[in-house]
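Observations on the three-dimensional arrangement
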Amino acid sequence: MSSQHTVIVGGGIIGTLCGWYLTEAGHRVTIVDRGAFGAACSKSNCGYVSPSHVLPLTAPGVIWKSLKSMTSGDSPFYVKPTLNLQRLGWFFKFARRCNERDMLEAAGVLHELLQTSKQLYEDLIEGEGLECEWRKDGLLFVYKSVHEFEEYAKVNQMTSERFGVSAKPLDAAELVKFEPALREGLGGAWFFDCDAHLRPDRLLAALRAKLESRGATFLENTEVKELINEGSHVRGVRTTMGEIIGDRFVVATGAWTPFLNQQLGLKIPIQPGKGYSLTMPRPQNCPRLPMIFEEHRVAITPMDSGYRIGSTMEFVGYDDSINERRLNLLKRSAEIYLREPYTEPIEERWFGWRPMTWDSKPLIDRVPKFSNVWLAAGHNMLGLSLGAVTGKMITQLINQETPIVDPRGVGLARLSR
Ligand SMILES: Cc1cc2nc3c(=O)[nH]c(=O)nc-3n(C[C@H](O)[C@H](O)[C@H](O)COP(=O)(O)OP(=O)(O)OC[C@H]3O[C@@H](n4cnc5c(N)ncnc54)[C@H](O)[C@@H]3O)c2cc1C
């Protein structure tokens, strides 16, 4: 296998972890990115590696809840009205999946991927000593209202019975003792001890250094425009910087993947789901644990070297402007829950395009049109969490080994059904 040159298009967490397991299996790897390495959606996300997130976005009642929250003007969720047929078709399919049967199907797939990925991360980060502020502290789902806190008990019972994913309830009095950074008078919280978190840009930098020491090449500011093929065999890619010849190709282009539709002979159902984060120095009264303010859908990440507030989901196409209102919303939401919600100076105001599929599941498979091209994209809100398992599965699929997780749930066949 050592003579195999594998070209990976996309230097986000997915492409990088494909590179990690491929080099481990003896491939020579080149990672090509249209921009700077690791500078897109994988850079300043919330850093959760979260088996707790077993339930997909496509859940019963989600459409109604989201539309209702959009009328408040302060919603973390926004859909720009559109006549774009591709986007309308995506929303139609998304809406059709918001029922119990499809939610449970996706949850079953995500559960196995998430559990396996967490274990792989432990082996990788602890085994290699990667410096990325890795912590296995768990995660809090915090509720403002007692009613919403109590309602979550039904979901917790269901996820613990079906998937063995269960959280511990903490009422208002217990909560302030458990996490003194929170204000008094909140509804309560659910604590998941299964989750971990890290600083994503540090993980990417650590992986790059290790990959380079294994002989991997990184080509930045190099956009792949075309696949160069002879029938079903691709022999290279044509980029803005010239041709790159290879034996195998992995397309890990996140939210940009549909721009390669014609080349891949596919209609990739990915829409960019824009989210924001603010990174700043740690407050004096910094939360001990990462936490999500469930009613406001805002996430907090305490890191050794900083502190991050992130969230929001905007479907506004490939709009790369920063919406100040959304950033202010992050701060205002944090004020409701935390004694010291943010600090100055804000070191980074960031957005990323999550690669959203209509069924909440990623696409990990060989591209049917070609014998030597694989796709690893569409990781929705869980791309960091699912990075390790994706890299491992792609490597096993390429090497014709049995994948660590059954790949049928994430295959491309579902697109033609
Ligand atoms: C606010 C926010 C918080 C989040 N928090 C979490 C979290 O806590 N945990 C979690 O698991 N997930 C989280 N996510 C989701 C996660 O960030 C994404 O799912 C993940 O980063 C997707 O990784 P990727 O490698 O597929 O995409 P990207 O990181 O976007 O990488 C794709 C790369 O492909 C390159 N590319 C595209 N087209 C081409 C081309 N033609 N040629 C060459 N290069 C190309 C791009 O430049 C880019 O660098 C969050 C997202 C947001 C926005």
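About the cut-offs
- By convention here, each chain's residues receive numbers from 1 onward along its written sequence.
- With pLDDT at 70 or above as the cut-off, local features in this predicted model cover only qualifying residues; side-chain atom pairs require 80 or more to be listed or tallied, and sums for whole chains, interfaces and linings still use all residues.
- For the purposes of this entry, the term helix denotes a DSSP run of H or I that reaches at least four residues, the term strand denotes a run of E that reaches at least two, and both are numbered from the N terminus.
- Radius of gyration here is computed from C-alpha atoms only, and the compact-globule reference equals 2.2 Å multiplied by the residue count raised to the power 0.38.
- Here a residue counts as buried when 20 or more other C-beta atoms sit within 10 Å of its C-beta, as exposed when there are 12 or fewer, and as partly exposed otherwise, the C-beta atoms being derived from the backbone.
- By the convention adopted here, residues make contact when the C-beta atoms placed from their backbones lie within 7 Å.
- Each residue receives a C-beta atom placed from its backbone. It is near a molecule or strand if this atom lies within 6 Å of it.
- Put simply, Ala, Val, Leu, Ile, Met, Phe, Trp, Tyr, Cys and Pro go in the nonpolar bin, Asp, Glu, Lys and Arg in the charged bin, and everything else, Gly too, in the polar bin.
- Think of it this way: DSSP has to see at least two bridges between two strands before they count as a pair.
- Between the N-to-C directions of two axes lies an angle of 0 to 180 degrees, each axis being a line fitted to C-alpha atoms and, for a helix, fitted only over the stretch in contact.
- Each domain's extent is set by a domain assignment, obtained either automatically or from a database.
- Working definition: the nonpolar core is a set of buried Ala, Val, Leu, Ile, Met, Phe, Trp, Tyr and Cys residues, joined through C-beta atoms within 7 Å.
- Orientation categories follow fixed angle ranges, with anything under 35 degrees roughly parallel, anything over 145 roughly antiparallel, 65 to 115 roughly perpendicular, and all other angles oblique.
- By the definition used in this description, the sense in which the near helix is turned from the far one sets the handedness, with an anticlockwise turn below a right angle giving left-handed and a clockwise turn giving right-handed.

**Quick word on the overall build of the chain**
The helix and strand inventory of the chain stands at ten helices and 20 strands. Computed over C-alpha atoms, the radius of gyration of the chain comes to 21 Å, within 12% of the 22 Å expected from 2.2 N^0.38 for 417 residues, which places it in the range of a compact globule. Principal-axis analysis of the C-alpha atoms gives the chain an extent of 65 × 45 × 40 Å. Burial analysis of the chain (417 residues in total) assigns 47% to the buried set. Within the chain, contacts between residues separated by at least 24 positions form 75% of all contacts whose residues are at least 6 apart in sequence.

**Remarks on the site of the ligand**
Surrounding the ligand, one finds 39 residues, the nearest of these being G10, G12, G254, G275 and G383. For the shell around the ligand, the elements supplying multiple residues, two or more each, are α1 (13-24), β14 (270-280) and β18 (348-357). The residue makeup of the shell around the ligand, split by class, is 18 nonpolar, 17 polar and four charged.

**What about the sheet that holds strand β20 (residues 373-377)?**
Across the sheet, which stays open at both edges, the six strands sit in the order β9-β2-β1-β13-β20-β19 with mixed pairing between neighbours. Of all strands in the sheet, those bounded by a partner on one side alone are β9 (217-219) and β19 (363-366). The average angle at which neighbouring strand axes cross in this sheet is 15°, direction not considered. Where strand β1 (residues 5-9) and strand β2 (residues 28-32) come together, five bridges link them in parallel fashion. Bridged to V7 within β2 is T30.

**Observations concerning unusual backbone geometry**
Residue P345 is reached from E344 by a cis peptide bond, and omega for that bond is -5°. With respect to the helices and strands, the residue P345 is situated in the loop between α9 (324-337) and β18. A positive phi is found at Q400, a non-glycine position, where the angle reads about 55°.

**Structural notes on the domain arrangement of the chain**
Domain parsing of the chain yields domain 1 (5-43 + 202-266 + 360-416) and domain 2 (52-100 + 126-195 + 271-357). A separation of 28 Å is found between the C-alpha centroids of domain 1 and domain 2. In terms of residues, the side of domain 1 that touches domain 2 owes the most to one element, helix α7 (residues 200-213), which gives five residues. Broken down by class, the residue content of the side of domain 1 that touches domain 2 amounts to ten nonpolar, seven polar and four charged.

**Brief notes about the nonpolar core**
Formed by 111 residues in total, the largest nonpolar core has its most connected members in V9, C18, V142, V250 and A376. Take this core: its biggest share by element is ten residues, from helix α4 (residues 100-128). Taken together, domain 1 (5-43 + 202-266 + 360-416) and domain 2 (52-100 + 126-195 + 271-357) each give at least three residues to this core, which thus spans both. Setting aside chain neighbours within four positions, we find V250 in contact with T6, I8, V9, G15, C18, W374, A376 and I394.

**Here we look at the sheet that holds strand β12 (residues 242-245)**
Hydrogen bonds between backbone groups are what pair the strands of a sheet, and the pairing can be parallel or antiparallel. The sheet built from three strands is open, its strands ordered β10-β11-β12 with antiparallel pairing. If you trace the sheet from one side to the other, it starts and ends with β10 (224-230) and β12, each paired once. Sheet twist, expressed as the mean angle between neighbouring strand axes with direction ignored, is 30°. By the bridge criterion, four bridges tie strand β11 (residues 233-239) to β12 in an arrangement that is antiparallel. Its bridge partner being in β12, R238 is matched across the sheet by E243.

**Quick word on the environment of M303**
By secondary structure assignment, the location of M303 is in strand β16 (residues 298-303). The class of M303 is buried, set by 20 C-beta atoms lying within 10 Å. Here the alpha-carbon distance between M303 and G38, two residues 265 residues apart in the chain, equals 19 Å. Ignoring any residue separated from it by four or fewer positions in sequence, one finds M303 in contact with G47, E133, R199 and R308.

**Focus on the pairing of β19**
Pairing geometry for β19 and β20, over four bridges, is antiparallel. Its bridge partner being in β20, R366 is matched across the sheet by W374. From the end of β19 to the start of β20, which pair antiparallel, there are six residues.

**Things to note about the packing of α1 against helix α10 (residues 387-398)**
Axis separation between α1 and α10 bottoms out at 8 Å; the angle between their running directions is 50°. By the angle between their axes, α1 is oblique relative to α10. The element α1 and its partner α10 pack so that their crossing is right-handed. Two secondary-structure elements touch here, α1 through I13, I14, L17, C18, W20, Y21 and L22 and α10 through G387, A388, T390, G391, K392, I394 and T395. Classifying every residue of the contact of α1 with α10 gives nine nonpolar, four polar and one charged.

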